[in-house]
Amino acid sequence: ASHPQKNKLLRIIFDLSAESSNAVGYECAASLVTLSSNPVAVDAAVKAYVQLLNQQADNNVKLIVLDRLFEIRAAHKAILEQHVMDIMRALSSPSIAVRRKVLDICLGPLVTEKNSVDVVSLLKKEIVKTMESQAKASDGNTEYRRLVIRALHACIARFPQHAESVIFILVDFLSDEDKGTATDVLMFIRELVAHQTKLRGPILGRLAESLPEVSNARVLGGCLWLVGEYCDDNDQRSDVLNSILEAVSPLPLIEDTSAEADQQKKPDEKSTQATTRTVIGADGSYVTETVYSSLKPAADDKKQSALRKHLLKPDLLLASMVGTTVTKMSLRDIDAPLSKKDPSLHNRVLFLVVNLLKLARDHGEGGKTSDSALRLTQCVRAMVSHSAASKMLVDQWRQGGREALIKVLQIEAQTSSWYSADVDAANQDEIIAPDRAIRFRQLREGRTGATTMFDEDEGDLKEAAGGQSSNFGKDFAERLAKAVQMTGTADPVYVEAFLKVHTFDVHLELLLVNRTAETLQNVLVELNSGSTDLEFVDRPAPVTLAPLSSQTVTASIKVSSTETGVIFGYVTYERNAATDKDSIILNEIHIDVLDYIEKAWIGELSFRTMWAEFEWENKININTTMTDVRQYLVHVMLNTNLCVVGRSTPSQANLIKDKKSRMTREEAEAQLDEAIGQIQESSFVALNLYSKSIFAEDALANVSIEKTAEGKLQGSVRIRSRTQGIALSLGDRLVQKGMKK
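Since the structure is predicted, the reported quantities are computational estimates derived from the model, not experimental observations. (Residues numbered from 1 in each chain as written. Predicted model: local features only at pLDDT ≥ 70, side-chain atom pairs only at ≥ 80, totals over all residues. Heavy atoms only, no water.)

1. Let's talk about the state of the cysteines
What the rule picks out here adds up to zero disulfides. In this structure Cys155 is a free cysteine whose sulfur lies 9.9 Å from that of Cys106, the closest cysteine sulfur available. (Disulfide = S-S within 2.5 Å.)

In structure tokens, the structure reads:
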């Protein structure tokens, strides 16, 4: 091949890419990227992919196209930046897997100063869409809303100038019924309050107004900590304290048990009205039914804030948070404390703290020695005493909180799903060794020389034309390793199978060999999977085998979920002289679940959210002869393709580019070094792992290992997923690959 031939081929592909056929357009785009790195050719390929992405209704097609765009981004980021908004049009798809992959591609290094305004505006519109009545009724709407909020969080973290346009929209989601959504918004607001000093005052004021509407106890505690730590203005502190006091009023806080007793009593005739009506019973007869309706609202119907309801349960952790917050705000100004500036407000705050202390002491789960009671006792002493110990306690509360939060935010920035792994990898300069050879194609030796250098253009052209690539020998070796013997060598028909797993289907090649000296007619291989997740699209056709001859037949299987599948069956054939068919039972073919598992990466917050949501869990007790914790963790990662959660290492930045490859020992050890360092010195290790299937199914794992005094390892591996199949399959693989060896 020569350059003129390559240019001719490129021109032909350009002409074919204008055809209306989607299949032709896809193949032309793939060929353009393979043959050339010219910006014009890559741009044409991206346009073809984007057109397929927005026109095709099949979600599987969308996922395949997104995978191709993900691969292009690694080498042609600047070209893909121009098509970010076109790619994000695919967010209109109802599939949460497509939406997540679109955000994975577009966020990170593709968001720049030029397109950040458009990206943020689009994400704001998507959040508003999730609040529409039609969207609320659709499946996955809540999960998509959380996904968009996290995406917006990642954008604002890199471009804080757009924070003012989105913050007040997000504050309304603090009162959302979904705990995950409210928590994500709180984490977003926490970062803005810590870093954006200009927006701190308005945000804290809006938080104080929203406190009565927030229903989740954890979110309430986070909001209270923020206003208590960052509220520096004296007038604003007074307003926030009044808002908190109004939310918990009326005082005193007394746990009311009379309402429960009234509900157990028979309805009172004076407070209820009886209505009699005739209805048809289950047996068809007419029966009389009496319905009681209330004439006056019950005492429980009186509207109370969520904060007061949580305190009256009582939620002791929230009670200690409320007490600490109001105490810190009262004693914030050393020169003019609240007791001197506004004695009435100071007394009301003190009365609230004393009420909280009484609740903590009197409740069965609390007591005088409980953590909440001790904390609230410190608050009371700090407000009424002027001793040196009280002043030291107040100084300790006033210092250290903001510095600790900055450290936490720095760690979270390193584990951001759309920032650290992608942006740092994109901005990281490539380190080249000083003795690395520099290849000049113009100066390469002739083909007759001893060290002929491989011509990249010729190799690309040959591979695109269907010829053998430079990795042909390696691919052939892998093919031989995956060959499965289906029958014995002494059987009349020898069958050998080769299983190739593509993205959403399995291609099965069957080699049929006639071991006899006579002709075999109607040789037919009948296969079955016994599972609805493996559907045969094309079955092998019957063939005729001459004596000692061979022939290859194929079958296609469509895969719909991640699960360890089994293919079984038999082969039938007819002899010339025989009247009946003969048959041979085939050995089973096991589809490896790792063929569907991709290396993936996730942040700690997302992991905790999904861990709380997923229902299916497979718990495997550790029973192994291994005595080294590190060796066992590497064993688990190699046999499940799971990656360490919440760490951004160079190896994980590289795995994004090659996510479909198997986990290597070097990658596993590099991730463990970054995550937990010298684990040999620890007697107890807990590690979170994560991976994702090609069907966008998340797989979570928690490994808890304890090293006993005898040196043995014990503990458990807990695997969770949204569906049962992937959890059971990964657990079975661990057992099969030496869990108990």
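Alright, that's what it looks like, and here's the rest.
2. Overview of a nonpolar patch on the surface
Taken together, the side chains of Ile12, Leu16 and Val24 present a nonpolar region at the surface, about 220 Å² in accessible area. Mapped onto the fold, Leu16 is located in helix H1 (residues 3-16). For Leu16, a relative accessible area of 38% gives the class partly exposed. (Patch = residues over 30% accessible without salt bridge, like charges linked within 9 Å, V, L, I, M, F, W, Y side chains within 5 Å. Areas by Shrake-Rupley, 256 points an atom, 1.4 Å probe, with all protein chains shown as cover. Salt bridge = Lys/Arg side-chain N within 4 Å of Asp/Glu carboxyl O. Helix = DSSP H or I, 4+ residues; strand = E, 2+ residues; numbered from the N terminus. Buried < 20%, exposed > 50% of the residue type's maximum accessible area, 1.4 Å probe, protein only.)

3. A word on the packing of helix H15 (residues 234-248) against helix H18 (residues 316-330)
The interhelical angle for the contact between H15 and H18, taken along N-to-C directions, is 155°, at an axis separation of 10 Å. Looking at the two axes, H15 sits roughly antiparallel to H18. The hand of the H15/H18 crossing is left-handed. Of the residues in H18, those touching H15 at Arg237, Val240, Leu241 and Ile244 are Val322, Val326, Met329 and Ser330. For the contact of H15 with H18, the per-class residue count stands at six nonpolar, one polar and one charged. (Axes fitted to C-alpha atoms, helices over the stretch in contact; angles between N-to-C directions. Parallel < 35°, antiparallel > 145°, perpendicular 65-115°, else oblique. Left-handed = near helix turned anticlockwise from the far one by under 90°. Contact = heavy atoms within 4.5 Å. Nonpolar A, V, L, I, M, F, W, Y, C, P; charged D, E, K, R; others polar.)

4. Quick word on the nonpolar core
Leu69, Leu174 and Ile189 are the most contacted members of the largest nonpolar core, which totals 151 residues. Apart from residues lying up to four places away in sequence, Leu69 is in contact with Val46, Tyr49, Leu53, Leu80, Ile87 and Ile105. Residues Ile597, Ala701, Val717 and Ile726 belong to the second largest nonpolar core, which totals 32 residues. (Core = buried A, V, L, I, M, F, W, Y, C linked by side-chain atoms within 4.5 Å.)

5. Quick notes on the pattern of salt bridges
On inspection of all chains with the given rule, the structure shows 19 salt bridges. Where Arg575 meets Asp582, a salt bridge forms, and the shortest distance between an N and an O atom there is 3.4 Å. Residue Arg575 is classed as partly exposed on the basis of its relative accessible area of 23%. For Asp582, a relative accessible area of 27% corresponds to the partly exposed category. Salt bridges linked by common partners bring Arg100, Glu143 and Arg722 together as one network.

6. Description of the side chain of Glu229
Examined against the element boundaries, Glu229 turns out to sit in helix H14 (residues 217-230). Its relative accessible area of 2% is what places Glu229 among the buried residues. In terms of polar contacts, Glu229 uses its side chain to reach the side chain of Lys328, at 2.8 Å. (Polar contact = N/O pair within 3.5 Å; in protein donor to acceptor, adjacent residues only side chain to side chain.)

7. Regarding the environment of Ser372
With respect to the helices and strands, the residue Ser372 is situated in helix H21 (residues 371-384). When the C-alpha positions of Ser372 and Leu318 are compared, they lie 9.0 Å apart, and in sequence the two are 54 residues distant.

8. Examining the packing of aromatic side chains
Applying the stated rule across the entire model yields three aromatic pairs. Seen from their ring centres, Trp225 and Tyr230 are 6.3 Å apart, and the 70° between their planes marks the pair as edge-to-face. Between Phe607 and Trp611, the ring centres sit 5.8 Å apart and the planes meet at 25°, which makes this aromatic pair stacked. You can see Phe607 and its partner Trp611 sitting in helix H27 (residues 604-613), four residues apart, about one turn around the helix. Across this residue pair, the class does not change: Phe607 and Trp611 are buried. One residue, Arg73, lies across the ring of Phe70, its end atom 4.7 Å from the ring centre. Its guanidinium or amino end placed over the ring of Tyr144, Arg99 lies 3.8 Å from that ring's centre, counting from NZ or CZ. (Phe/Tyr/Trp six-rings, centres within 6.5 Å; stacked < 30°, edge-to-face > 60°. Lys NZ or Arg CZ within 6 Å of the ring centre and 35° of its normal.)

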